[in-house]
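Fold and geometry: a report
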Amino acid sequence: MPVLKNTGIRQRSIQNKFRMKNLISIICLSVLATNSIAQVWHKNKFPSPESATYDNNGNDLRGFINTYKNDFLAKGTQVKDASGNDWGYLQVKNVKTPGSDKEGNLNYYEAFDVTLMMFKTRDGGKASWWAREHNSPKGSMKWFKAGEPGTLTLDNVKYTEIISELQTKSFTIVEYADSMYSQNDFEILLKNTVFLKNGTIKELGDYKAMINFYNKFLDKFTNVNDAVLDNKSFITFFKGATTQYAGYFNIVNGKLSGKVEAIDAPFERDREKFINDMFKKLNGSAVYLYGDDTFGMENIIKKRAMKQNLKLNRRNTSSTKKFNADI
């Protein structure tokens, strides 16, 4: 009987792994179907795995890790501790990587867009990258192992392993260096997501302030994946130790997707530009203004909403009403 019991446990474990592989496959197919980024089709099918991993003059996964590892670990640890490991943390960067033919010859004239990634685990981190076949938005996402053990100071794993772990998180912070090539990929592969440009959060303690604020924000939804929310967007305001922040969110694929920025708008014209730029990124016909202090921007928001004929709703953090309740 004990043998049968252990066999059943092993069978269930195998079934769970099989279900997760199917989930990742479905997600990746969804990315292919919806990603509309303008990429140039290349003759070579893949980028050079060695170049993507460690041999591209520092514009590779090893260079990314070496440059940002200390910053990544400090911020990732703060996010893990402040959220009780309920939030995920990624640092990402896009680089140009030469293509490679079957003989291993490099083609620098047809460079691939490669996404580099570091993921914070409980006791360290993992790293990965991905690119698309022929550098085409319709190409499947690919990763190849390259380099001997010790080539990188973080474990180099297939990106699907990281995505699987992030499926359990309430929110994932995607902090990008310089620019991010494809926000759409992360919006589909992850759950609720907040994007940050590296350097936006001014003090480590502000990550805790952000997490506490957006956990309360998330509590205002009975369920994010609700058709009632599809036409709604959200503008949010919170304060760190010494810095004021604003974030905007849309509902994308039944999930919250938004970006947080530090407010640097000392004059009225600066605040107007800040709000106008934010409204250009909202896709809802109804906009919710959420937070206890709008840092002198509420009237500007009202005027912009009226100009665009958008319904504007005001909510404080103490409100117990759910966003799903407004139809």
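Residues numbered from 1 in each chain as written. Predicted model: local features only at pLDDT ≥ 70, side-chain atom pairs only at ≥ 80, totals over all residues. Heavy atoms only, no water.

Time to look at the overall build of the protein. Of regular secondary structure, the protein possesses eight helices and 13 strands. When burial is assessed residue by residue, the protein has 53% of its 327 residues classed as buried. Of the contacts made within the protein by residues no fewer than 6 positions apart, 68% connect residues no fewer than 24 positions apart. When the accessible surface of the protein is split by element, carbon and sulfur atoms take 50% of a total near 16200 Å². (Helix = DSSP H or I, 4+ residues; strand = E, 2+ residues; numbered from the N terminus. Buried < 20%, exposed > 50% of the residue type's maximum accessible area, 1.4 Å probe, protein only. Contact = heavy atoms within 4.5 Å. Areas by Shrake-Rupley, 256 points an atom, 1.4 Å probe, with all protein chains shown as cover.)

Attention now goes to the pairing of strand E11 (residues 255-262). Counting buried positions over the eight residues of E11 gives six, a clear majority of the element. Where strand E8 (residues 193-197) and E11 come together, three bridges link them in parallel fashion. Residue pairing in the sheet places phenylalanine 195 in a bridge with lysine 259 of E11. Counting the residues in the hairpin turn of strand E10 (residues 244-252) and E11 gives two residues, including asparagine 253, whose phi is positive at 55 degrees. (Pairing = 2+ DSSP bridges.)

The next thing to look at is the pairing of strand E3 (residues 106-120). Sheet topology places strand E2 (residues 87-100) next to E3; ten bridges connect them, and they run antiparallel. Its bridge partner being in E3, serine 100 is matched across the sheet by leucine 106. Where E2 hands over to E3, the hairpin turn is made up of five residues, of which glycine 104 adopts a positive phi near 90 degrees. Pairing of E3 with strand E4 (residues 125-132), which is carried by six bridges, proceeds in the antiparallel orientation. Considered in E4, the bridge of methionine 117 is made with serine 128.

A few words on the side chain of lysine 93. Within the element layout of this structure, lysine 93 appears in strand E2. Salt bridges are absent for the buried lysine 93, whose nearest opposite-charge side chain, aspartate 178, sits at 4.2 Å. Residues contacting lysine 93, with those up to four places away along its chain left out, are Phe64, Val114, Thr115, Leu116, Ala177 and Asp178. (Lys, Arg positive; Asp, Glu negative; His and termini not counted. Salt bridge = Lys/Arg side-chain N within 4 Å of Asp/Glu carboxyl O.)

Right, let's get into helix H7 (residues 268-279). Look at H7: 17 Å from first C-alpha to last across twelve residues, which is about the 16 Å you get at 1.5 Å a residue. Taken as a whole, H7 has its buried residues at Arg271, Phe274, Ile275, Met278 and Phe279. In an axial view of H7, the angular spread of the buried residues amounts to 130 degrees, which keeps them on one side of the axis. Among the exposed residues of H7, those pointing more than 90 degrees away from its buried face are Arg269 and Lys273. Elements that come into contact with the buried residues of H7 comprise strand E9 (232-239), E10, E11, strand E12 (286-290) and helix H8 (298-307). (Expected span 1.5 Å × (residues − 1). Arc of directions from axis to C-beta.)

Moving on: the pattern of salt bridges. In the structure shown here, the tally under the stated rule is 14 salt bridges. Measuring nitrogen to oxygen at the nearest pair gives 2.7 Å for the salt bridge that ties glutamate 175 to lysine 75. Residue glutamate 175 is found in strand E7 (residues 171-176), and its partner lysine 75 is found in helix H3 (residues 61-83); the two are separated by 100 residues along the sequence. Residue classification places lysine 75 among the buried positions, given a relative accessible area of 8%. The partner of arginine 314 in a salt bridge is glutamate 298, with the nearest N and O atoms 3.3 Å apart. Here glutamate 298 lies in helix H8 and arginine 314 lies in strand E13 (residues 311-315), a separation of 16 residues in the sequence.

Ranked by internal contacts, the top residues of the largest apolar core, which has 63 residues, are Leu90, Tyr214 and Leu256. It is helix H6 (residues 205-219) that provides the largest number of residues to this core, a total of seven residues. When residues no more than four places from it in sequence are discounted, the contact partners of tyrosine 214 are Trp87, Phe171, Thr236, Phe238, Gly247, Phe249 and Val260. (Core = buried A, V, L, I, M, F, W, Y, C linked by side-chain atoms within 4.5 Å.)

Look at H7 against H8: their axes get within 10 Å of each other, and the N-to-C directions meet at 45 degrees. Considering their axes alone, H7 and H8 lie oblique with respect to each other. Where H7 crosses over H8, the two elements pack in a sense that is right-handed. Between H7 and H8, the residues in contact are Glu268, Arg271, Glu272, Ile275, Asn276 and Phe279 and Ile300, Ile301, Arg304 and Ala305, respectively. The residue makeup of the contact of H7 with H8, split by class, is five nonpolar, one polar and four charged. (Axes fitted to C-alpha atoms, helices over the stretch in contact; angles between N-to-C directions. Parallel < 35°, antiparallel > 145°, perpendicular 65-115°, else oblique. Left-handed = near helix turned anticlockwise from the far one by under 90°. Nonpolar A, V, L, I, M, F, W, Y, C, P; charged D, E, K, R; others polar.)

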